[in-house]
Amino acid sequence: MRTLVITGGTQGIGKALSLHYLGRGDRVIAIGTNHIKGETLLTEADRLSAGDRCSFLPADLSSPTMTFRLAERLRKEYPVIDAVVFGAFRYQTKRQETAEGIERTFALYVLSRYLLAEELRTALERAPHPVIVNLCGTGSGAGRLHWDDLQLRRRYRAFAATMQGARANDLLGVAFTDEHPDSPIRYVLHNPLFVNTGLAEPFRQPTRTAISIMAKLFATPVDKAIEPIADRIDTPPDSALSAFQVRRTIEVTGPAFDLNAARRLANTLRDLIIKSIEA
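Here is what the cut-offs are and how they apply
- Residues numbered from 1 in each chain as written.
- Predicted model: local features only at pLDDT ≥ 70, side-chain atom pairs only at ≥ 80, totals over all residues.
- Heavy atoms only, no water.
- Phe/Tyr/Trp six-rings, centres within 6.5 Å; stacked < 30°, edge-to-face > 60°.
- Helix = DSSP H or I, 4+ residues; strand = E, 2+ residues; numbered from the N terminus.
- Buried < 20%, exposed > 50% of the residue type's maximum accessible area, 1.4 Å probe, protein only.
- Lys NZ or Arg CZ within 6 Å of the ring centre and 35° of its normal.
- Pairing = 2+ DSSP bridges.
- Axes fitted to C-alpha atoms, helices over the stretch in contact; angles between N-to-C directions.
- Parallel < 35°, antiparallel > 145°, perpendicular 65-115°, else oblique.
- Left-handed = near helix turned anticlockwise from the far one by under 90°.
- Contact = heavy atoms within 4.5 Å.
- Nonpolar A, V, L, I, M, F, W, Y, C, P; charged D, E, K, R; others polar.
- Salt bridge = Lys/Arg side-chain N within 4 Å of Asp/Glu carboxyl O.
- Right-handed = clockwise from strand over helix to strand, strands pointing away.
- Expected span 1.5 Å × (residues − 1).
- Arc of directions from axis to C-beta.

*Asks:* Whenever I open this one, the packing of aromatic side chains confuses me. Can you help?
*Replies:* By convention here, two paired aromatic rings are described through the distance between centres and the angle between planes. One pass over the structure, following the stated rule, counts two aromatic pairs. Relative to tyrosine 187, the ring of phenylalanine 176 has its centre 5.5 Å away and its plane inclined at 45 degrees; by these criteria the two rings are tilted. Of this pair, phenylalanine 176 sits in helix H6 (residues 158-179) while tyrosine 187 sits in strand S6 (residues 186-191), placing them 11 residues apart in sequence. For the pair formed by phenylalanine 176 and tyrosine 187, the shared burial category is buried. Between arginine 232 and the ring centre of phenylalanine 244, over which it is positioned, the NZ or CZ distance is 3.6 Å.

Written out as structure tokens, the structure is:
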């Protein structure tokens, strides 16, 4: 029986992965913010006779303080973790800040993933074939890091914030393997592309209806979208860092995976975490 931690594990791809691995006989710790969705997952786990192997831990991962506390709890309760899946994300149509004063998209999509990977590393390294799967926008040419304004205080656009997060997640993979070259953990960047996961929820009408219709017509069903992700979890790649768009391999070279930029981002995130927790 393996132990998997899945952020965003109560809806969309995260929920589908949770139920998939519960059905396989594994233990799943699903992280989310919505208690109703968490209870629904637990009910569905009971129907699979997997209630004793499913846990829902509520946590706001946009808060570095709460993310750090969550990692402490996970390390104590689960000293060996086989896989961590980063799936928590929310499209912020308007700029918002966390209690620590960090732009919410950057805090949730970038900072929390860096922090959890670092804090859960020792538990992962005790597993026989540990893997981190980061669900992100790898392989896309869109977006860039706004180094002079990472939190987009001067001009916030939701798409720019999202694509900046996608580019930052590429660098998170580079930074992790750079800082831990001897780690057995395999870091996988996975872009599932357009999946029918309730993307329309943050939008107002009539945009919400338009996106819902597009999702039904063109998006990949969730159950199909998790197949290549499960393959990476079940058989981690040989390389310390790898990237995929669905099943197509993305070369982890070039400007998107620049080592100096990855080190710069990691240093920036460490400073933000220290300031947030001290505050």
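There is more to say after this.
*Asks:* Looking at this model, I keep getting lost on the pairing of strand S7 (residues 241-245). Mind explaining?
*Replies:* If a strand is regular, its side chains alternate between the two faces of the sheet. Burial analysis of S7 places five of its five residues in the buried class, which makes it a mostly covered element. Across five bridges, S6 lies against S7 in parallel orientation. Its bridge partner being in S7, histidine 190 is matched across the sheet by phenylalanine 244. Where S7 lies against strand S8 (residues 248-250), three bridges are found, and the strand directions are antiparallel. Its bridge partner lying in S8, glutamine 245 is registered against arginine 248.

*Asks:* What am I meant to see in the packing of helix H1 (residues 12-23) against helix H2 (residues 35-47) here?
*Replies:* The angle between the axes and the distance between the axes are what describe a pair of packed helices. Look at H1 against H2: their axes get within 10 Å of each other, and the N-to-C directions meet at 25 degrees. The orientation of H1 relative to H2 falls into the category roughly parallel. Crossing angle aside, the handedness with which H1 passes H2 is right-handed. Judged by residue contacts, Lys15, Ser18, Leu19 and Leu22 of H1 engage Thr40, Leu41, Glu44 and Ala45 from H2. Among the residues forming the contact of H1 with H2, the class breakdown is four nonpolar, two polar and two charged.

*Asks:* For this particular structure, what's the right way to read unusual backbone geometry?
*Replies:* Where the residue is not glycine, phi is negative for most of them; where a peptide bond is considered, it is trans in most cases. You will see that leucine 152, though not glycine, has its phi angle at about 50 degrees, which is positive. By relative accessible area, leucine 152 is classed as buried at 3%.

*Asks:* Which parts of the structure should I look at to understand the sheet that holds S8?
*Replies:* Read across the sheet, eight strands follow the order S3-S2-S1-S4-S5-S6-S7-S8 without closing on themselves; strand pairing throughout is mixed. Whereas interior strands pair on both sides, the edge strands pair on one side only; in this sheet they are strand S3 (54-58) and S8. In this sheet, adjacent strand axes meet at a mean angle of 20 degrees when their direction is disregarded. This element, H2, spans strand S2 (27-32) and S3 of the sheet and lies at about 175 degrees to S3.

*Asks:* Before we go on, may I ask you to explain the pattern of salt bridges in this structure?
*Replies:* Side chains that carry opposite charge are capable of pairing whenever their charged atoms lie near each other. Taken as a whole and assessed by the stated rule, the structure comprises 14 salt bridges. Between glutamate 44 and lysine 15 there is a salt bridge whose closest N-O contact spans 2.7 Å. Note that glutamate 44 is positioned in helix H2 and lysine 15 in helix H1, a separation of 29 residues in sequence. As far as the burial class goes, glutamate 44 and lysine 15 line up, both buried. A cluster of three or more residues bridged by salt bridges with shared partners is formed by Arg2, Arg24, Asp26 and Asp234.

*Asks:* Can you walk me through the pairing of strand S5 (residues 131-135) in this structure?
*Replies:* By the criterion of burial, S5 is predominantly enclosed, with five of the five residues buried. Burial of S5 is two-sided: the residues Val131, Val133 and Leu135 facing one way and the residues Ile132 and Asn134 facing the other way are all buried. Sheet analysis places strand S4 (residues 83-86) next to S5, joined by four bridges and oriented parallel. When the sheet's bridge partners are listed, alanine 83 is paired in S5 with valine 131. Traced from S5 through H6 to S6, the parallel crossover comes out right-handed.

*Asks:* Would you mind going over the packing of H1 against helix H8 (residues 222-234) with me for this structure?
*Replies:* In contact at an axis separation of 9 Å, H1 and H8 are set at 60 degrees when each is read in the N-to-C sense. Seen from above, H1 lies across H8 with right-handed handedness. Within the contact between the two elements, H1 uses Gly12, Ile13, Ala16, Leu17, His20 and Tyr21 and H8 uses Val222, Asp223, Ile226, Ile229, Ala230, Ile233 and Asp234. Here the residues of the contact of H1 with H8 sort into nine nonpolar, two polar and two charged.

*Asks:* How do you make sense of H2 when you look at a structure like this?
*Replies:* Residues spaced three or four apart along an α-helix face the same direction, because each turn holds 3.6 residues. If you check H2, its first and last C-alpha atoms are 19 Å apart, about what 13 residues at 1.5 Å a residue would give, namely 18 Å. Those residues of H2 lying buried are Gly38, Leu41, Glu44 and Ala45. Down the axis of H2, the sector holding all buried residues measures 125 degrees, keeping them to one side. Exposed residues on H2 whose side chains face more than 90 degrees from its buried face are His35, Ile36, Asp46 and Arg47. Its buried side turned inward, H2 meets H1, S2 and S3. Looking at the residues trailing H2, positive phi occurs at serine 49, about 60 degrees.

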